[in-house]
Amino acid sequence: MLETTFSIIKPDAVSRNLTGQIISRFEAQGLKVVASKMLQLTQAQAEGFYAEHKGRDFYEPLVAYMISGPIVVQVLAGENAIALNRQIMGATNPEKADMGTIRKDFALNMRENSVHGSDSPASAAREISYFFSQTELCLR
Ligand code: RTP
Ligand code: MG
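Every chain is numbered independently, its residues counted from 1 as its sequence is written. Labels are handed out in written order, letters beginning with A for the chains and numbers beginning with 1 for the ligands. Per-residue local features are limited, in this predicted model, to residues with pLDDT of at least 70; the limit for side-chain atom pairs, both in listing and counting, is 80 or more; totals at the level of whole chains, interfaces and linings are taken over all residues. Think of the side-chain values as coming from all heavy atoms in the structure, minus any hydrogens and water.

**A short note on the UniProt feature "active site" (unreviewed entry) in the protein**
Right, on to step 1. UniProt positions are given in the numbering used here, feature names are shortened, and annotations may be inferred rather than shown by experiment. When the UniProt feature table is mapped onto this chain numbering, "active site" (unreviewed entry) sits at His116.
Right, on to step 2. In this text, helices come from DSSP runs of H or I with a minimum length of four residues, and strands from runs of E with a minimum of two, each type numbered from the N-terminal end. Locating His116 in the fold gives a position in strand S4 (residues 115-117).
Right, on to step 3. Here, residues are in contact when the closest pair of their heavy atoms is within 4.5 Å. Other than its neighbours up to four places away in sequence, His116 contacts Phe6, Ser7, Ile8, Lys10, Phe49, Tyr50, Asn85, Met89, Arg103 and Glu127.

**Remarks on the site of ligand 1**
Right, on to step 1. A cutoff of 4 Å decides nearness: a residue is near a molecule or strand if any of its heavy atoms lies inside that distance of it. Taken together, 15 residues form the shell around ligand 1, and within it Lys10, Thr92, Arg111, Asn113 and His116 come nearest.
Right, on to step 2. Residues adjacent in sequence count toward polar contacts only when both atoms are side-chain atoms; beyond that, a polar contact is any pair of N or O atoms within 3.5 Å, and within protein one must be able to donate a hydrogen and the other to accept it. Measuring from an oxygen atom of ligand 1, one finds a side-chain N or O atom of Arg86 at 3.0 Å.
Right, on to step 3. Within the side chain of Arg103, an N or O atom sits 3.2 Å from an oxygen atom of ligand 1.
Right, on to step 4. Values of accessible area rely on a 1.4 Å probe in the Shrake-Rupley scheme; residue burial ignores everything except the protein chains shown. Contact with the protein chains removes 82% of the 560 Å² of surface that ligand 1 exposes when unbound.
Right, on to step 5. Breaking the shell around ligand 1 down by element, the ones donating at least two residues are helix H5 (81-89) and S4.
Right, on to step 6. Tallying contributions element by element places S4 first for the shell around ligand 1, with 3 residues.

**Brief notes about the UniProt feature "binding site: ATP" (unreviewed entry) in the protein**
Right, on to step 1. With numbering aligned to this structure, UniProt lists the feature "binding site: ATP" (unreviewed entry) at Lys10, Phe58, Arg86, Thr92, Arg103 and Asn113.
Right, on to step 2. The residue Arg103 is located in helix H6 (residues 102-106) in this model.
Right, on to step 3. Not counting residues within four places of it along the chain, the set of residues in contact with Arg103 comprises Lys10, Met89, Gly90, Ala91, Thr92, Pro94, Ala97, Asn113, Val115 and His116.
Right, on to step 4. Its location among the elements puts Asn113 in the loop between H6 and S4.
Right, on to step 5. With residues near it in sequence (within four places) discarded, Asn113 still touches Lys10, Asp12, Tyr65, Thr92, Arg103 and Ala107.

**Side note on the side chain of Thr5**
Right, on to step 1. Mapped onto the elements, Thr5 comes out in strand S1 (residues 2-9).
Right, on to step 2. Here's how the labels work: a residue is buried when its accessible area is under 20% of the maximum for its type, exposed when over 50%, partly exposed in between, all with a 1.4 Å probe on protein chains only. On the basis of relative accessible area, Thr5 is assigned to the buried category, the value being 0%.
Right, on to step 3. Apart from the residues within four sequence positions on either side, Thr5 is in contact with Gln74, Val75, Leu76, Ala81, Ile82, Asn85, Ser118, Ala124 and Ile128.

**Some remarks on H5**
Right, on to step 1. Those residues of H5 not exposed but buried are Ala81, Ile82, Leu84, Asn85, Ile88 and Met89. When H5 is viewed along its axis, its buried side chains cluster within an angular range of 170° and face the same direction. The exposed residues of H5 that point more than 90 degrees off its buried face are Ala83 and Gln87.
Right, on to step 2. Its buried side turned inward, H5 meets S1, helix H2 (19-28), strand S3 (71-79), H6, S4 and helix H7 (121-131).
Right, on to step 3. Phi for Gly90, located one or two positions after H5, is positive at around 90°. Picture the helix axis, draw a direction to every C-beta atom, and the arc is the one those directions span.

**Observations concerning the packing of aromatic side chains**
Right, on to step 1. Pairing of aromatic side chains here covers Phe, Tyr and the six-membered ring of Trp, requires ring centres within 6.5 Å, and sorts the geometry by plane angle: under 30 degrees stacked, over 60 edge-to-face, intermediate tilted. All chains considered together, the criterion is met by 6 aromatic pairs.
Right, on to step 2. Ring plane angle 55° and centroid distance 5.7 Å describe the contact between Phe49 and Phe131, whose orientation is recorded as tilted. Taken together, the residues span a long stretch of sequence, with Phe49 in helix H3 (residues 43-49) and Phe131 in helix H7 at a distance of 82 residues.
Right, on to step 3. Taking the relative accessible area as the measure of exposure, Phe131 reaches 7% and is therefore buried.
Right, on to step 4. For the ring pair Tyr130 and Phe131, a centre distance of 5.1 Å and an interplane angle of 65° mean the geometry is edge-to-face.
Right, on to step 5. Aromatic ring contacts, followed pair by pair, group Phe6, Phe49, Tyr50, Tyr130 and Phe131 into a single cluster.
Right, on to step 6. Sitting over the face of the ring of Phe132, Lys37 holds its NZ or CZ atom 4.6 Å from the ring centroid.
Right, on to step 7. Arg126 extends its terminal NZ or CZ atom over the ring of Phe49, reaching a point 5.8 Å from the ring centre. Any Lys NZ or Arg CZ found within 6 Å of a ring centre and within 35 degrees of that ring's normal is scored as a charge over the ring.

What follows is the structure, encoded as structure tokens:
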């Protein structure tokens, strides 16, 4: 099924100049960038984006990290894009991520893990609309 998913290249990866290498991995696996921008999140934007994790012990340090520097937010399109992106990213904890995944190769630790990807169609829809209007997606 042709899907769209939402991706973030997180501050640890942008600051280490890994943006191009990460996008190349998406493209090499058949995901197409259909919207893209660089920005630095405000505290309120980061808190809202991660609202589902509010109250967890990692929530506050996660928000602080996510506002610590610029990020690249993107919409990726392709066959089974949501699952495919998660596969390319690897497990949340880089020590548990499969060989050849972004997190295995680039993540610093469980928090500074280089990328975010939507985990379901519902979160993809919510996360895309959190950063992009429908007219900003180049789907044709
Ligand atoms: P993401 O949402 O960023 O794609 O990552 P995920 O689904 O693999 O992980 P999730 O459970 O949704 O957690 C969101 C982000 O919070 C940070 N985290 N730190 N125990 C910890 O220190 C911990 N657990 C999660 C990571 O940055 C994770 O990607
Ligand atoms: Mg998640």
